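# Breakdown of the fold
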Amino acid sequence: MIGKYTKYAADLLRRGQLVAIPTETVYGLAGNALDVKAVSEIFSVKQRPSFDPLIIHLPDVASIEAYVAAFPDALLELARKFMPGPLTLLLPRSSLIPDLITAGSDRVAIRIPSHVVAQNLLHQLDFPLAAPSANPFGYISPTSAEHVAQQLGDKIPYILDGGPCVVGLESTIVGMEQNEITVYRKGGIPLEAIEAVIGKVKVRAHSTSNPNAPGMLKSHYAPRIPLRIGEVETFLKKFPKDRIGVLSFRKFKPDIPKAHQVCLSQSGDYKEAAQNLFASMRYLDSLALDLIVAELLPEEDLGTAINDRLRRAAA
Ligand code: TXA
Ligand code: MG
């Protein structure tokens, strides 16, 4: 059921049930992070392998303390600047965090969502919420309550509707590695914004197919219809023009039916493009097509994270 009752969602969560929740990045599949049964249920509903750890969500920076063994200064600086918001920090975990959450790692991923509904919900609870994106493992992340309902609607009791996600990309994941600040997943906070606060950082967000490494598996966010990156013209030699879908940044392609195309932002606005990305991939995936051809964005600002998702969808 889709609804707007935060109190009802809080009740279900207190009783150990799962609820899909809105955040500014993507919708999450939430359960009590301290309740091992609820956490296992998240893995099974999502069909997610248990080696892939979960992010815990808290209402504010002050509440992080209980769940971490230390808070390195540089990461605290990022927390002060970007939380609440689309940032996830990897911090040494305290003994309150179940092993299942971190997949045995000594670091826990923590995020403070800024979405008002998520904020309201988290403030009503006295435990953190474990929440991966509310999609079946490997598929495109949901950016609306309807997206969640399409795939998980019959598996969970409630989807808390907070409208379409305004960021539209998952959080940027940052931690420390041998004393160096490291970005493990490009996301809603651009690298440039992070570096403006703490200087040059290491980026390890790419091409990992090692399930133990943080960030994500290489093939991810994938539509069912094959997605390729490149110029439409090259594919027109092999596929009929009405069998190709196009995901472009600013301009429609003249040769392809308009109903089979999505332009992420005609004005070239990265925020708008990020907001539209996953819904556009879903739309194209719903059409009877043989192929989706996606165009990369300039490698700057949120364009970098969008390209990362497109490359993974193509992998
Ligand atoms: O924006 C977001 O981060 C959304 C919303 C719902 O908060 N959540 C999200 O969760 O994207 P998920 O589970 O789809 O992706 C979390 C990523 C995974 O790739 C996981 O491997 C990594 O974070 N991760 C979680 N805990 C970790 C840990 N302790 N160490 C390393 N990586 C971790
Ligand atoms: Mg995910």
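Quick caveat, the model's predicted, so the values are computed rather than measured. (Residues numbered from 1 in each chain as written. Chains lettered and ligands numbered in written order. Predicted model: local features only at pLDDT ≥ 70, side-chain atom pairs only at ≥ 80, totals over all residues. Heavy atoms only, no water.)

## As for the overall build of the protein
Heads up, the rule is: Working definition: helices are DSSP H or I runs of at least four residues, strands are E runs of at least two. Numbering for both runs from the N terminus. Accessibility here uses a 1.4 Å probe with only protein chains present; expressed as a share of the type maximum, an area under 20% marks a residue as buried, one over 50% as exposed, and anything in between as partly exposed. In this description, contact between two residues means that some pair of their heavy atoms is separated by no more than 4.5 Å. Here the Shrake-Rupley method, with its probe set to 1.4 Å, supplies the accessible areas, and only the displayed protein chains count as covering residues.
Within the protein, the regular secondary structure consists of 10 helices and 15 strands. Along the first, second and third principal axes, the C-alpha set of the protein runs to 60 × 45 × 35 Å. In the protein, which comprises 315 residues, the proportion classed as buried is 56%. Taking the contacts inside the protein whose residues are at least 6 apart along the sequence as the reference set, 65% of them involve residues at least 24 apart. For the protein, the computed accessible surface area is about 13,200 Å², with 52% contributed by carbon and sulfur atoms.

## A closer look at the nonpolar core
Cut-off, in case you're wondering: Working definition of a nonpolar core: buried Ala, Val, Leu, Ile, Met, Phe, Trp, Tyr and Cys residues. They are joined through side-chain atoms within 4.5 Å.
Judged by nonpolar contacts, the single largest core of 43 residues is most densely connected at I56, I101, I110, I156 and V174. At the level of elements, helix 2 (36-46), helix 3 (73-82), strand 5 (87-92), strand 6 (107-111), helix 6 (145-152) and strand 10 (180-185) are the ones that each hand at least two residues to this core. Take this core: its biggest share by element is five residues, from helix 2. Counting residues in each nonpolar core, the second largest holds 28 residues, with I140, L247, M281 and L289 among its members.

## So, a negative patch on the surface
Heads up, the condition is: Each patch is built from residues lacking any salt bridge and having more than 30% relative accessible area; the joining distance is 9 Å for like charges and 5 Å for nonpolar side chains (Val, Leu, Ile, Met, Phe, Trp, Tyr). Think of a salt bridge as a Lys or Arg side-chain nitrogen and an Asp or Glu carboxyl oxygen that are within 4 Å of each other. Asp and Glu are treated as the negative residues and Lys and Arg as the positive ones, with His and the ends of the chain left uncounted. In this description, the location of a charge corresponds to atom NZ of lysine, CZ of arginine, CG of aspartate or CD of glutamate.
On the surface, E192, D269, E272, E300 and D301 cluster together into a negatively charged patch. Structurally, the position occupied by E300 is in the loop between strand 15 (291-294) and helix 10 (302-314).

## A look at the sheet that holds strand 11 (residues 202-203)
Spelled out, the test is: Pairs of strands are assigned from DSSP output, requiring at least two bridges between the strands. Lines fitted to C-alpha atoms define the axes, with helix axes restricted to the stretch in contact, and inter-axis angles between N-to-C directions lie between 0 and 180 degrees.
With mixed pairing, 11 strands are arranged side by side in an open sheet as 1-8-2-3-7-4-6-5-9-10-11. With partners counted over all chains shown, the strands left at the sheet margins are strand 1 (2-3) and strand 11, one partner each. Bridge count between strand 4 (residues 55-57) and strand 6: three bridges; the pairing is parallel. Bridge pairing in strand 6 places H57 opposite R111. Along the sheet, helix 1 (residues 6-14) contacts strand 2 (19-21), strand 3 (28-32), strand 7 (129-130) and strand 8 (158-160); its crossing angle with strand 8, the most-contacted strand, is approximately 135°.

## Some details on the domain arrangement of the protein
Operational definition: An automatic or database domain assignment supplies the start and end points of every domain. The quantity reported as buried area is the accessible area (1.4 Å probe) lost by two parts once they are put together, taken as the sum for both.
Per the domain assignment, the segments of the protein are domain 1 (2-203) and domain 2 (227-313). Centre-to-centre separation of domain 1 and domain 2, based on C-alpha positions: 28 Å. Counting from both sides, the interface comprises 21 residues of domain 1 and, opposite them, 16 residues of domain 2. For the pairing of domain 1 and domain 2, the buried interface totals around 1,500 Å² over both sides, and the portion due to carbon and sulfur atoms is 55%.

## Some details on the sheet that holds strand 12 (residues 227-229)
Taken in spatial order, the four strands make up an open sheet running 12-15-13-14, and their pairing is parallel. Every interior strand has two partners, whereas the edge strands, strand 12 and strand 14 (261-263), have only one. In this sheet, neighbouring strand axes are inclined to one another by 20° on average, regardless of whether the strands run parallel or antiparallel. In this structure, strand 13 (residues 244-248) lies alongside strand 15, joined through four bridges in parallel fashion.

## Some words on the environment of D161
Under the convention used in this document: Whenever a nitrogen or oxygen atom comes within 3.5 Å of another N or O atom, the pair is scored as a polar contact, on the condition that within protein one atom can donate a hydrogen and the other can accept it, and that pairs from neighbouring residues in sequence are kept only if both atoms are in side chains.
Within the secondary structure, D161 sits in the loop between strand 8 and strand 9 (172-177). In this structure D161 comes out as buried when scored by relative accessible area, which is 16%. C-alpha of D161 to C-alpha of T6: the two residues are 155 residues apart in sequence and 9.1 Å apart in space. Apart from the residues within four sequence positions on either side, D161 is in contact with I2, G3, K4, P22, Y27, A145 and E146. Here the side chain of D161 touches Y27 through a polar contact of 3.5 Å, side chain to side chain.

## Let's talk about helix 2
Regarding helix 2, the residues found buried are A38, V39, I42, F43, V45 and K46. Where the residues of helix 2 are buried, they touch strand 3, helix 4 (99-102), strand 7 and helix 6. Put simply, D35 is the residue that caps the front of helix 2, since its side-chain oxygen is 3.0 Å from the backbone nitrogen of K37.

## Quick word on the environment of R228
If you trace the backbone, R228 turns up in strand 12. In the structure, R228 is positioned 85 residues away from A313 in sequence and 8.3 Å away in space, judged by C-alpha atoms.

## Notes on the packing of helix 9 (residues 270-285) against helix 10
Going by this rule: Any angle from 65 to 115 degrees is called roughly perpendicular, while one under 35 is roughly parallel, one over 145 is roughly antiparallel, and all others are oblique. Take the far helix as the reference: if the near one is turned anticlockwise from it by less than a right angle, the crossing is left-handed, and if turned clockwise, right-handed. Amino acid classes used here: Ala, Val, Leu, Ile, Met, Phe, Trp, Tyr, Cys and Pro are nonpolar; Asp, Glu, Lys and Arg are charged; the rest, including Gly, are polar.
Their axes nearest at 9 Å, the elements helix 9 and helix 10 cross at an angle of 15°. As far as their axial angle goes, helix 10 and helix 9 are roughly parallel. Helix 9 and helix 10 meet at a crossing whose hand is left-handed. Contact residues: Y270, K271, A273, A274, L277, F278 and M281 in helix 9; L302, G303, I306, R309, L310 and A313 in helix 10. In terms of residue class, the contact of helix 9 with helix 10 is made up of 10 nonpolar, one polar and two charged.

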